[in-house]
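Breakdown of the fold
Residues per chain, in single letters:
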Amino acid sequence: MLEMLMPGTLMAVGPTSMIVIAVVALIIFGPKKLPQFGRAMGSTLKEFKNATKGLASDDDDDDDDDKNKKQQKIESQDAQS
């Protein structure tokens, strides 16, 4: 239904939307809790980045291992010939 009211802009978040979200967060959490909430969000994002970096490097390591095994297999076949 919302898509009918605003076609193509459902996921658009502009500067005005960010200001409205910040004001609502300030009203809900208050000025004392908002910095704590920001720190918690920051640490969560940092942990998420570290976890995804680890997954990506694991995939790269697996690819490198596969390439090394193939290269060793080719070299051993050449040595036998």
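The sections below set out a description of the structure shown in this document. Source: prediction; values computed, not measured.

1. Things to note about the overall build of the protein
Of regular secondary structure, the protein possesses two helices and zero strands. Within the protein, the proportion of its 81 residues that are buried is 2%. Of the roughly 7,500 Å² of accessible surface on the protein, a fraction of 63% belongs to carbon and sulfur atoms.

2. Overview of the packing of aromatic side chains
Considering all chains together, one arrives at one aromatic pair under this definition. Considering the side-chain rings of Phe29 and Phe37, the 4.8 Å spacing of their centres and the 20° angle between planes classify their relative orientation as stacked. On the accessibility criterion, Phe37 (38% relative accessible area) is partly exposed.

3. Some remarks on a nonpolar patch on the surface
A cluster of nonpolar residues, Val20, Val24, Ile28, Phe29, Phe37 and Met41, forms a patch on the protein surface that exposes about 550 Å² of accessible area. Relative to the helices and strands, Phe37 resides in helix H2 (residues 15–80).

Conventions and cut-offs
Residues numbered from 1 in each chain as written. Predicted model: local features only at pLDDT ≥ 70, side-chain atom pairs only at ≥ 80, totals over all residues. Heavy atoms only, no water. Helix = DSSP H or I, 4+ residues; strand = E, 2+ residues; numbered from the N terminus. Buried < 20%, exposed > 50% of the residue type's maximum accessible area, 1.4 Å probe, protein only. Areas by Shrake-Rupley, 256 points an atom, 1.4 Å probe, with all protein chains shown as cover. Phe/Tyr/Trp six-rings, centres within 6.5 Å; stacked < 30°, edge-to-face > 60°. Patch = residues over 30% accessible without salt bridge, like charges linked within 9 Å, V, L, I, M, F, W, Y side chains within 5 Å. Salt bridge = Lys/Arg side-chain N within 4 Å of Asp/Glu carboxyl O.

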